[in-house]
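Structural overview for review
Chain residues, written in single-letter form:
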Amino acid sequence: MTDLNQFLITQKWPAQHPDRLQLYSLPTPNGVKVAIMLEEIGLPYEVHRVAFDKNEQTTPEFMSLNPNNKIPAIIDPNGPGGKPLPLFESGAILLYLAEKTGKLIPADPAGRYQTIQWLMFQMGGIGPMFGQLGFFHKFAGREYEDKRPRDRYVHEAKRLLGVLDGHLKGRDWIMGDEYTIADVATFPWVNNLVGFYDAAEIVGFDRFPEVGRVLEAFRARPAVIEGLQIPRAPAA
């Protein structure tokens, strides 16, 4: 059996199933990407909830796995060469899992790089911009009298939605007929924008019908329904 005791994080979150991939996460847009991916590909995993309300992401144990103190992070006990692989950054994890299993990424080089292109579009654009909009519209930033920061991110969110909407015309998914890690990365953020952030009206979401159409198809997938809840909140 794989021994994960070499990883400090297991002192705080012991692995009950060390032969399974270990996921350290919360059900945030970035966190659920990996949970959805794991549900889609059917790879056995064990999930550990990193409680932000207890600042567990800043503990030495967690930061030994991700020095950037962000979720998600994983340890794959069956990494390259049969050795455990620690990994952080949701985009990197999605790409790793896709290549490890040969699932949710095209086999041909051109399709593979185009998928990675849209993965980077989410990581570099949609995620950061939607997240900033959430801060200024939903959280503490909404109290700021100066609305220029909020409006900056509203305009950029609209622009990004427009790029995505135009690309999706005539396509079932970002890569066409094939559902890929580009969709797994992108649509948790779109879902959060119009759901938890309650920003549909401010960005004029109804002006992006193609994005809305694919979002509904995404939400209907069993792996998405399950993954959006992982890790579940502790029982009251």
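Okay, so let's go over this structure. Note that this is a predicted model, so its numbers are computed, not measured.

With respect to the packing of aromatic side chains
Applying the stated criterion across every chain yields a total of 12 aromatic pairs. Both rings, one in Phe139 and one in Phe196, keep their centres 5.8 Å apart while their planes meet at 45°; by these two values the pair is tilted. In this pair, Phe139 is assigned in the loop between helix H5 (109–138) and helix H6 (148–168) and Phe196 in the loop between helix H7 (181–194) and helix H8 (200–203), connecting sequence segments 57 residues apart. In this structure an aromatic cluster arises from ring pairing among Phe135, Phe136, Tyr144 and Tyr153. When the ring centre of Trp13 is taken as origin, the NZ or CZ atom of Lys12, which lies over that ring, is 5.6 Å away. The aromatic ring of Tyr179 is capped on one face by Arg221, whose charged end is 3.6 Å from the ring centroid.

Digging into the pattern of salt bridges
Here the idea is simple: oppositely charged side chains can pair when their charged atoms come close. The tally for this structure, following the rule as stated, stands at 10 salt bridges. The shortest N-O distance in the salt bridge between Arg148 and Asp146 comes to 2.7 Å. Judged by relative accessible area, which is 36%, Asp146 ranks as partly exposed. Between Asp151 and Arg150 there is a salt bridge, with the nearest N and O atoms lying 2.9 Å from each other.

Topic: the sheet that holds strand E2 (residues 45–49)
Strands sit in the order E2-E1-E3-E4 across an open sheet of 4 strands; the sheet is mixed. Whereas interior strands pair on both sides, the edge strands pair on one side only; in this sheet they are E2 and strand E4 (85–88). Direction aside, the axes of adjacent strands within the sheet are offset by 15° on average. For strand E3 (residues 73–76) and E4, the ladder comprises 4 bridges, and the chain directions are antiparallel. Residue pairing across strands places Asp76 opposite Leu85, the latter belonging to E4.

About the cut-offs
- Residues numbered from 1 in each chain as written.
- Predicted model: local features only at pLDDT ≥ 70, side-chain atom pairs only at ≥ 80, totals over all residues.
- Heavy atoms only, no water.
- Phe/Tyr/Trp six-rings, centres within 6.5 Å; stacked < 30°, edge-to-face > 60°.
- Helix = DSSP H or I, 4+ residues; strand = E, 2+ residues; numbered from the N terminus.
- Lys NZ or Arg CZ within 6 Å of the ring centre and 35° of its normal.
- Salt bridge = Lys/Arg side-chain N within 4 Å of Asp/Glu carboxyl O.
- Buried < 20%, exposed > 50% of the residue type's maximum accessible area, 1.4 Å probe, protein only.
- Pairing = 2+ DSSP bridges.
- Axes fitted to C-alpha atoms, helices over the stretch in contact; angles between N-to-C directions.

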